[in-house]
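# Geometric and topological summary
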Amino acid sequence: MADPLLAGIDLGAGSLKVSVIRADGSLVAEASEAVQTASRHPGWSEQDPHDWWAAACKAVPRVLALTGRPAADIAAIAFSAGAHTQVLTDAGGQVIRPAILWNDQRSHAEVAALRKEADARILEIGANRANATWTLPQMLWLRNHEPEAHARVRRLYLAKDWLRAQFTGTWETDTIDALGTLMLDAKSGRWSEELCGMIGWPLDTLPPIVAPTAVVGRVTAEAARATGLAEGTPVVCGTSDTAAETYGAGMVREGLGVVKLATAATVSVLSPAPRPDFELINYYHVVPDHWYVITATNSCASAHKWLRDTFFRREGEDGRAAFDAMDRMAAAVRPGAEGLFFHPYLNGERSPYWDPLLRADFVGAGFNHGPGHFVRALYEGVAYSLRDCRDVLRAKGLSFATARLTGGGSTSALWRQIVADVLDVEVELPAVADASFGAALLAGVGIGIYADERAAAQVVRIVSRATPDPARAAVYDRGFPIYRDIQAALAPLNHRIHDFVKGGVAHG
C-alpha cells in the first residue's frame, strides 16, 4: 500500500474517539461519540459496555467517510481506554453488570482492609499501593457486596480489551493494562496467585497477556458489517489511555514530562526502573524495558465541564462556545483570581493525599468576585493540584524541565500558560497527542510500518510552546502554600461532611 492509514480507537470517560493518521503522523480524520456515565450512589461511576460498542459502530463509519478513502486502506487498528476498568462476563459470554470505572470511589473500605492486612506486600508484588481506583479492591467490593455476580464471573476483560473483542472475538490484554489491575506480579509479568488469593479471585478468569504492539486478530465479517471496516483488517492489542497518550506525546526519553489535562489530570515521567512507593503509580511503558511513573489528580476537564454545565451554559448553547466564553472571562482576571482558591476534589483525590473523601471547594469569595474569577480559580486550582503531583515526583528524584500537554484541557491557551506559570516549566503542545493517536502509532509498530516504538515517536510534531512568566510564577509561588494550607484545614471537615451526608436526613 503506497499510503497506508492507521487507526486508533480510544474509549474515554465521556466519549469514544477514533483517529486515522498517515505513517508520517499527520491526522487524516477523527470522529467521536458520547458515552454516558451513571452514578447510582455518591462516589460511584459506571458505564454499560454495550454503549461503547454502539458508540464505535457510529464513530468508525463516520471517520471512514471523512477520510475519503476505501476502508481497505486502513492497514491496522489498535485500542486504548482508561486503566482499571473491568468488564465481567459469564459462562455464556454475557456482561454481568455495568463496568466499574477507574474513578469510582466505592471500594474505600476494601482499600482500608487490604492496607491493614498486606499494604507493604501488595506494593512489593504489584509495584503499586492499593487504592480505590485499582481493580483489586474493586473486585473485593464485588465479592463483599454482590456475591452472586462475583460467583458468575468466567472472564474478566479490561475496557479496551472487551471493546476490541467485539472486533476480533479474541480474549487477551497487554502488559500495561494487566499491571493496572493490581493483580499482576510486576517482576515476572505474570498474574499473581498471591494477590488474587487476597480477594478470592480465580486466576483462570484473567486473560492471556501480550505486548501492546502484538497483532491479536483481524476484523471479523460481523464487525466489518457493523463498522464499515474491511474484513480481515489487522487488529493490534493497544494499551491503557495514559500509556498511549504519553507515547503519542513522544515521551521516549528521560527528562521530558507529560501533563494530561483530561477527565482526570496526570503528571508522568519516564524511568528506566519502577519506583515502588506509597505515593507513586508505576506502569510498564510502551518503550521496552522502561517504566513511566505517575502522580494524578482525579478531576480536571471533568471539573471544567461541571462548572460550565452547572453555572455557565445556557440551554441550547453549544458546549464549545460556552467554554470559549469562560476562557475569555478568565483571561480578564489577574493571576491569583484576587484570592479565590479552588480545590478540584469533586470525586475525592489521588496524589498526594489518596483520600476518597476529600471534597471540592471555592474558598475566599467576596463581592469583588465575578464569573471570570471562578473560572480562573478553577484553572489555577487544577494547576496547583498538578504542582502537588509534580512535587511528589521531584521529592523522589524524578523531574523534568519540559512538559508536553495532552487531553482536552490543553486546547485552552490560557490554561496551558497557567500550567507553565504554576509549574514553572516550559510547556509544549503536540499537534496531535491524544490516546487515539498513540494507539494508531502502536498499530503501525505492530504491523511493521515503524521499525520500533522509538521510531514511531519521531513523527510527533510540536505546534505551540508556553514559557513561564517570572512575575506570574512569583504570584503562584505565594499562592501555592495557601492552597496547601486550605486543603489541610478542610480535610477533617470533608470527612465530617461525608459522615453527615451518609447519615441522611431524619424524618418525622
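Scope of this entry: the structure provided in the associated data block.

Parameters at a glance
- Residues numbered from 1 in each chain as written.
- Predicted model: local features only at pLDDT ≥ 70, side-chain atom pairs only at ≥ 80, totals over all residues.
- Heavy atoms only, no water.
- Phe/Tyr/Trp six-rings, centres within 6.5 Å; stacked < 30°, edge-to-face > 60°.
- Helix = DSSP H or I, 4+ residues; strand = E, 2+ residues; numbered from the N terminus.
- Buried < 20%, exposed > 50% of the residue type's maximum accessible area, 1.4 Å probe, protein only.
- Lys NZ or Arg CZ within 6 Å of the ring centre and 35° of its normal.
- Pairing = 2+ DSSP bridges.
- Axes fitted to C-alpha atoms, helices over the stretch in contact; angles between N-to-C directions.
- Contact = heavy atoms within 4.5 Å.
- Salt bridge = Lys/Arg side-chain N within 4 Å of Asp/Glu carboxyl O.

### As for the packing of aromatic side chains
On inspection of all chains with the given rule, the structure shows 18 aromatic pairs. Ring centres of Tyr-284 and Trp-291 lie 4.7 Å apart, and the angle between their planes is 55 degrees; this geometry places the pair in the tilted category. Look at Tyr-384 and Tyr-483: their rings are 5.1 Å apart centre to centre, the planes differ by 40 degrees, and that puts the pair in the tilted class. Taken together, the residues Tyr-384 in helix α12 (residues 371-395) and Tyr-483 in helix α16 (residues 470-503) connect sequence positions 99 residues apart. Each of the two residues, Tyr-384 as well as Tyr-483, counts as buried. Through a chain of ring-to-ring contacts, three or more aromatic side chains come together here, namely Phe-341, Tyr-384, Tyr-476, Phe-480 and Tyr-483. Lying across the ring of Phe-278, Arg-129 places its NZ or CZ 4.3 Å from the centre. Taking NZ or CZ as reference, Arg-308 lies 4.3 Å from the ring centre of Phe-323, over its face.

### Notes on the sheet that holds strand β2 (residues 15-22)
Whenever strands of a sheet pair, they do so through backbone hydrogen bonds, lying parallel or antiparallel. Strand order in the open sheet formed by six strands is β3-β2-β1-β5-β14-β13, and the pairing between neighbours is mixed. Sheet topology places β3 (27-34) and β13 (215-218) at the edges, where each strand pairs with a single neighbour. This sheet shows a mean twist of 25 degrees between the axes of neighbouring strands, independent of strand direction. Relative to β2, strand β1 (residues 5-11) is paired through seven bridges, and the arrangement is antiparallel. Paired with Ala-7 across the strands is Val-20, a residue of β2. Sitting on the sheet, helix α14 (residues 435-446) is in contact with β1, β2, β5 (74-81), β13 and β14 (234-240), with an inclination near 135 degrees to β1.

### Digging into the environment of Ala-296
Considering the arrangement of structural elements, one finds Ala-296 in strand β18 (residues 291-297). For Ala-296, a relative accessible area of 0% puts it in the buried group. Between the alpha carbons of Ala-296 and Val-427 there is a distance of 18 Å; along the sequence they are 131 residues apart.

### Here's the deal with the pattern of salt bridges
On inspection of all chains with the given rule, the structure shows 37 salt bridges. Among the salt bridges present, the one from Arg-121 reaches Glu-194, with a minimum N-O distance of 2.8 Å. One end of the pair, Arg-121, is in helix α2 (residues 108-126); the other, Glu-194, is in helix α7 (residues 193-198), and 73 residues separate them in sequence. Classification of Arg-121 by relative accessible area gives partly exposed; the value is 34%. The salt bridge involving Asp-161 is made with Lys-160; its shortest N-O contact spans 2.6 Å. Looking at Asp-161, the relative accessible area reads 1%, which means it is buried. Lys-160 sits in the buried class, given a relative accessible area of 1%. Among the ionic contacts, a cluster of salt bridges with common partners joins Arg-40, Glu-46, Arg-97, Asp-104, Arg-106 and Glu-146.

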